[in-house]
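# What the coordinates show
Given next are the chains, with one letter for each unit.
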Amino acid sequence: MQKGDFRGKRLFKQKNNKSLLYETLFEQFYNSAVIKGRAEDTLKTYKHHNKYFIDFLCYKTGTNKPTCEIITIDTIEEYIKYLKEIKGVANNITINSYMQNISPVIKYGFKMGYIYSDFKFPYLKVQETFKEIYTEEELQVLLQKPNKNNFVEIRDWAIVWTLASTGIRARELRNLQVKSIDMLNRCIAVNKTKNKRARYVPISTSLCDVLEEYLLIREGGGEEFLFPTVFNTQLERSTLQKQIKKYCNERGINKCSLHLFRHTFITNSVNANVSPLILKRVTGHSTLHELNKYYNARLNDVVSIIDDIAPKINRKKKYFNKK
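Definitions and limits used
Residues numbered from 1 in each chain as written. Predicted model: local features only at pLDDT ≥ 70, side-chain atom pairs only at ≥ 80, totals over all residues. Heavy atoms only, no water. Pairing = 2+ DSSP bridges. Helix = DSSP H or I, 4+ residues; strand = E, 2+ residues; numbered from the N terminus. Buried < 20%, exposed > 50% of the residue type's maximum accessible area, 1.4 Å probe, protein only. Arc of directions from axis to C-beta. Contact = heavy atoms within 4.5 Å. Phe/Tyr/Trp six-rings, centres within 6.5 Å; stacked < 30°, edge-to-face > 60°. Lys NZ or Arg CZ within 6 Å of the ring centre and 35° of its normal. Core = buried A, V, L, I, M, F, W, Y, C linked by side-chain atoms within 4.5 Å.

### Considering the sheet that holds strand β2 (residues 187-190)
Spatially, three strands are ordered β1-β2-β3 in an open sheet, and the strand pairing comes out antiparallel. For this open sheet the edge positions go to β1 (181-182) and β3 (199-202), each flanked by a neighbour on one side alone. As defined by bridge partners, β1 adjoins β2 across two bridges and the pair is classed as antiparallel. The partner of D182 across the bridge, within β2, is C187.

Below, the structure written as structure tokens:
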């Protein structure tokens, strides 16, 4: 098919469907995302952010059923203004996340011929900041075995050890099963991943010892979740976050982000000269570019090597002689 024919068919399709409701477009997009196997958390995020966008379109048009034909780049710029002035969203990062989750719907609408023109989303500039990772001292505190010997305390201790020792994602950890652990070959089979690519994650001797001790308390069959609730059901992400926050705070550590363990693991691996190709496979990143975003060099790490790479002064030579 020639480019002109494709363009012509797209325009023809637009004329027949230009009054399609945005709400209907989103339903079509959502069903397509489900069929493609998008993660449950991703689907929830799409629903959440598009509800706000539909509310905005109703506010803009004064109708309860806005159509797709009104959506242009001007619409998106008005949406940004609406979020700032009407909804009081001041953080540019938050506004960008709102746009990132309606962008796939808009692009889908253009592809299907329901939206007149494609356009580049006007994302707002944000100041990058350093993400402070866990220090060696903080990790030592967090990895110390708790005095209490109840299931929740030992489970959370084993979770922190697993996150710190493997760098796996919180979603991957929540989906691990008892049978995922292979003590003989010292690895974890991660079967439910962000990019749908299963992988094996190597585990240290120390983590093996921790998991072996935990499993004596955990017991359970191979098909059961490795880190369940007290009712032997899957941990919700919010519950996991709450438990790890409590675990960290009780030990005097204010940092309590689940993802921060992943940043810490990757940074420590790079500092230990682990091959980026091996690290990419262990962490499950699709590209080295994505992996690079997780490296957070601490000032001490940089200062310790600067003398080896910076020019050196010849101390035998005096540049300033006294007259």
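### Some words on helix α7 (residues 136-143)
All of the buried residues along α7 are E138, L139, L142 and L143. For α7, the angular spread of buried residues about the axis comes to 125 degrees, placing them on one side. Considering only its buried residues, α7 is in contact with α8 (151-166), α11 (237-250) and α12 (258-271).

### Examining the packing of aromatic side chains
The tally for this structure, following the rule as stated, stands at 17 aromatic pairs. Residues F56 and Y82 carry aromatic rings whose centres are separated by 5.1 Å and whose planes lie at 55 degrees to one another, so their mutual orientation is tilted. With a gap of 26 residues between them, F56 in helix α3 (residues 40-61) and Y82 in helix α4 (residues 73-85) connect regions that are remote in the sequence. For F56, a relative accessible area of 2% puts it in the buried group. Among the aromatic side chains, those forming a connected cluster through ring pairs are Y22, F53, F56, Y59, Y79 and Y82. One Lys or Arg, R251, reaches over the ring of Y247 and ends 3.6 Å from the middle of that ring.

### Details of the environment of G167
By the element assignment, G167 lies in the loop between α8 and α9 (170-174). Judged by relative accessible area, G167 falls into the buried class, the value being 0%. For the pair formed by G167 and T283, sequence separation is 116 residues and the distance between their alpha carbons is 6.4 Å. For G167, the contacting residues outside a window of four places in its chain are T162, R262 and F265.

### A look at the nonpolar core
Among the nonpolar cores identified, the biggest contains 41 residues, and Y134, L142, I159, F227, L240, I244 and F261 are the most heavily contacted of them. Among the secondary structure elements, those contributing two or more residues to this core are α7, α8, α9, β2, α10 (205-218), α11, α12 and α13 (276-283). Not counting residues within four places of it along the chain, the set of residues in contact with I244 comprises D156, I159, V160, C256, L258 and F261. With 33 residues, the next largest nonpolar core counts L25, L57, I102 and V105 among its residues.

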